[in-house]
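What follows is each chain in one-letter form.
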Amino acid sequence: NAGVTQTPKFQVLKTGQSMTLQCAQDMNHNSMYWYRQDPGMGLRLIYYSASEGTTDKGEVPNGYNVSRLNKREFSLRLESAAPSQTSVYFCASIYIREQYFGPGTRLTVT
Amino acid sequence: GESVGLHLPTLSVQEGDNSIINCAYSNSASDYFIWYKQESGKGPQFIIDIRSNMDKRQGQRVTVLLNKTVKHLSLQIAATQPGDSAVYFCAENPSGSRLTFGEGTQLTVNP
């Protein structure tokens, strides 16, 4: 039982490049979230998926897209990376009101 | 050791002392609160939660206190250990809405 896994752990992109952050959970939870964490700020919700096949915008969705591939996997895509997207990204799987976080992806956009 | 005010970013304590980390929340409709611990390079980890119909809840070496009158939450860690060094942040959850996270306090435990 690995919980929530994320790949990659680290990534450096040039402005304008695209990439997809992967997240998977093996806890059979319906809800999955994507957050970003920046220095001096709390976790901010980018997108969430309440169940397989549904996705909704969170607090800071601009510049991102998501895909809920199946119940296990929820990916986050940056189509054209910008320096403002330099951050640590966390995926979370939710059961009732408790959130289980992955280890994070540290992304730098130069 | 105790952190005070809305946004004190660091708290340094001696090993064996008790630590108190404070958090002010903003939404009077919040009915569920969580404390998370985040170690360097890792994701947040659930520590303890409390519902608004309680004012105190105890776990193993940790106690959460809730004061709804002044919208204040605190986390008390007894006999703080070096392994407790981490960022601690609170989260509030209004019923039917999503979690809102605080900025966090860096706890450093000196041996």
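Details of the structure are given in the entry above.
Residue indices follow the written sequence of each chain, beginning from 1 at its first position. Lettering of chains starts at A and numbering of ligands starts at 1, both following the order in which they are written. Restriction of local features to residues with pLDDT of at least 70 applies here, the model being predicted, together with a cutoff of 80 or more for giving and counting side-chain atom pairs; totals for whole chains, interfaces and linings are based on all residues. Note that the side-chain values use all heavy atoms of the structure and ignore hydrogens as well as water.

Draft legend 1. The packing of aromatic side chains, seen in detail. Stacked, tilted and edge-to-face are the three classes assigned to paired rings of Phe, Tyr and Trp, where Trp is represented by its six-membered ring and a pair needs centres within 6.5 Å; plane angles under 30 degrees give stacked, over 60 edge-to-face, the rest tilted. All chains considered together, the criterion is met by 11 aromatic pairs over all chains. Ring plane angle 90° and centroid distance 5.2 Å describe the contact between Tyr-35 of chain A and Phe-101 of chain B, whose orientation is recorded as edge-to-face. A residue pair is termed interchain when its members come from two chains, as with Tyr-35 of chain A in strand β4 (residues 31–37) and Phe-101 of chain B in strand β9 (residues 100–101). Note on Phe-101 of chain A and Tyr-36 of chain B: the rings are 5.6 Å apart at their centroids and 90° apart in plane angle, and the pair reads as edge-to-face. On the criterion of chain membership, the pair formed by Phe-101 of chain A in strand β10 (residues 98–101) and Tyr-36 of chain B in strand β3 (residues 30–38) is interchain, its members lying in two chains. Considered together, Phe-101 of chain A and Tyr-36 of chain B belong to a single accessibility category, that of buried residues. Put simply, the rings of Tyr-33, Tyr-35, Tyr-48 and Phe-101 of chain A together with Tyr-36, Phe-89 and Phe-101 of chain B pair up and form one aromatic cluster. Only DSSP runs of H or I covering at least 4 residues are called helices, and only runs of E covering at least 2 are called strands; the numbering of each starts at the N terminus. Only protein chains enter the accessibility calculation, which uses a 1.4 Å probe; a residue whose area is less than 20% of its type maximum is buried, one above 50% is exposed, and one in between is partly exposed.

Draft legend 2. Spotlight on the side chain of Asp-49 of chain B. Residue and element names in this part refer to chain B. Tracing the chain through its elements places Asp-49 in strand β4 (residues 45–51). On the accessibility criterion, Asp-49 (12% relative accessible area) is buried. Under this definition, polar contacts are N or O atom pairs within 3.5 Å; protein pairs additionally need one hydrogen-donor-capable and one acceptor-capable atom, and for neighbouring residues in sequence, both atoms have to be side-chain atoms. Of note is the side chain of Asp-49, whose polar atom sits 2.6 Å from the side chain of Tyr-32. Separated by 2.2 Å, the side chains of Asp-49 and Arg-57 make a polar contact. In this description, contact between two residues means that some pair of their heavy atoms is separated by no more than 4.5 Å. In this view, Asp-49 contacts Tyr-32, Phe-33, Ile-34, Arg-57 and Val-64; residues no more than four positions away in its chain are not counted.

Draft legend 3. Structural view of the environment of Ser-26 of chain B. Residues and elements named next belong to chain B. Along the chain, Ser-26 falls in the loop between β2 (19–24) and β3. Accessibility expressed as a relative area gives 56% for Ser-26, which makes it exposed. As a C-alpha pair, Ser-26 and Lys-56 span 30 residues in sequence and 19 Å in three-dimensional space. Apart from the residues within four sequence positions on either side, Ser-26 is in contact with Lys-71 and Glu-92.

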